[in-house]
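Structural description and commentary
Spelled out from the first residue to the last, the chains are:
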Amino acid sequence: MAEPVFLSNLTRFFRNQAHFDALEHYVIPALIRLREGGPDNTIKIWSAGCSTGEEPYAIAMLLSEVLPAPWKFEIIASDISPECLSAAREGFYADSRIAGLPDRYLKKYFDKAEGGCRVRADIRSAIRFARHDLKNDAGLRGMDIVFCRNVILYVDEAARAAVVSRLWDSMAAKSFLFIGHSETLFGMDTKFEFLKTEWAPLYRKFI
Ligand SMILES: C[S@@+](CC[C@H](N)C(=O)[O-])C[C@H]1O[C@@H](n2cnc3c(N)ncnc32)[C@H](O)[C@@H]1O
């Protein structure tokens, strides 16, 4: 008998803060060094398995704070669940979901709404949400950073290697991948290199 599939949508703003520290202090400076003088000053990010949007919105807020001019960013956020995506596009979060966000983020990036807060339009419009099953090719190429956190563990084991290989194909040469802190690519036949930074471990595609 097939095992029941349990899909968790659990997420929160700045989940695993160490990843966001690594993004700010390691990945962004490294990408700026690597891409400086190149034809494009846009950092392209994919939040794969974005659930209700807290992850891509947190990335957008952080990059709005730390990315120096003339650098810009583009975020594509995808999920298999239409319900999650519609909540993500709406960008409304009840008070309980935004508890713990720094006050300056709440003031700068949210509008107060009945029972909670809504992400401000400029941040919402910085993200393109799309429905996508990671078992298929999303057709994305040249991503500089991919967040695929706490998703691979919901993909059946037989399909995992193909999912990871499609993430690889979506990424630019010299780019970075974040997976969940309890997930690993160890033992998989992949060209991703494990990278231990001062803040958090991550993976890189360095070809
Ligand atoms: C636990 S949430 C992770 C959310 C966010 N990445 C984080 O770490 O906070 C897992 C998400 O993966 C999505 N998901 C599960 N299987 C998927 C698949 N095959 N393709 C795309 N998304 C999938 C679920 O709908 C859910 O929203």
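What this report covers is the structure whose coordinates are included nearby. (Residues numbered from 1 in each chain as written. Predicted model: local features only at pLDDT ≥ 70, side-chain atom pairs only at ≥ 80, totals over all residues. Heavy atoms only, no water.)

Okay, the sheet that holds strand β3 (residues 92-94) next. Here we have three strands laid out as an open sheet, ordered β3-β5-β4, and antiparallel in their pairing. Lying at the two open borders of the sheet, with one neighbouring strand each, are β3 and β4 (110-113). Here the average twist between neighbouring strands, direction ignored, is 30°. Where β4 and strand β5 (residues 116-119) come together, four bridges link them in antiparallel fashion. For F110, the partnering residue across the bridge sits in β5 and is V119. (Pairing = 2+ DSSP bridges. Helix = DSSP H or I, 4+ residues; strand = E, 2+ residues; numbered from the N terminus. Axes fitted to C-alpha atoms, helices over the stretch in contact; angles between N-to-C directions.)

Looking at the ligand, there are 19 residues lining it, with T11, G49, D79, L134 and N150 nearest. The contact in question runs from an oxygen atom of the ligand to an N or O atom on the side chain of D79, over 2.6 Å. Here the ligand has 600 Å² of accessible area as a free molecule, and 98% of this is covered by the chains. (Near = heavy atom within 4 Å. Polar contact = N/O pair within 3.5 Å; in protein donor to acceptor, adjacent residues only side chain to side chain. Areas by Shrake-Rupley, 256 points an atom, 1.4 Å probe, with all protein chains shown as cover.)

This brings us to the packing of aromatic side chains. Taken as a whole and assessed by the stated rule, the structure comprises 13 aromatic pairs. When the ring of Y57 is compared with that of Y93, the centres are 6.3 Å apart and the planes differ by 80°; the resulting orientation is edge-to-face. With Y57 in helix α2 (residues 54-66) and Y93 in strand β3, this residue pair connects regions lying 36 residues apart in the sequence. Residue Y57 is classed as buried on the basis of its relative accessible area of 0%. Residue Y93 is classed as buried on the basis of its relative accessible area, which comes to 1%. Taking 4.5 Å as the distance between ring centres and 25° as the angle between the ring planes, the aromatic pair formed by F147 and F178 counts as stacked. With a gap of 31 residues between them, F147 in strand β7 (residues 143-148) and F178 in strand β8 (residues 171-179) connect regions that are remote in the sequence. For the residue pair F147 and F178, the accessibility class agrees, reading buried in each case. One aromatic cluster in this structure is built from F14, F20, Y105, Y109, F147 and F178. If you follow R204 out to its NZ or CZ, it ends over the ring of F206, 4.1 Å from the centre. (Phe/Tyr/Trp six-rings, centres within 6.5 Å; stacked < 30°, edge-to-face > 60°. Buried < 20%, exposed > 50% of the residue type's maximum accessible area, 1.4 Å probe, protein only. Lys NZ or Arg CZ within 6 Å of the ring centre and 35° of its normal.)

This part takes up the packing of helix α1 (residues 17-35) against α2. Packing of α1 against α2 brings their axes to within 11 Å, and their N-to-C directions diverge by 45°. Considered as vectors, α1 and α2 are oriented oblique to each other. The element α1 and its partner α2 pack so that their crossing is right-handed. Residue-level inspection shows F20, L23, E24 and I28 of α1 in contact with α2, the latter providing A58, I59, L62, L63 and V66. Residue composition of the contact of α1 with α2, grouped by class: eight nonpolar, no polar and one charged. (Parallel < 35°, antiparallel > 145°, perpendicular 65-115°, else oblique. Left-handed = near helix turned anticlockwise from the far one by under 90°. Contact = heavy atoms within 4.5 Å. Nonpolar A, V, L, I, M, F, W, Y, C, P; charged D, E, K, R; others polar.)

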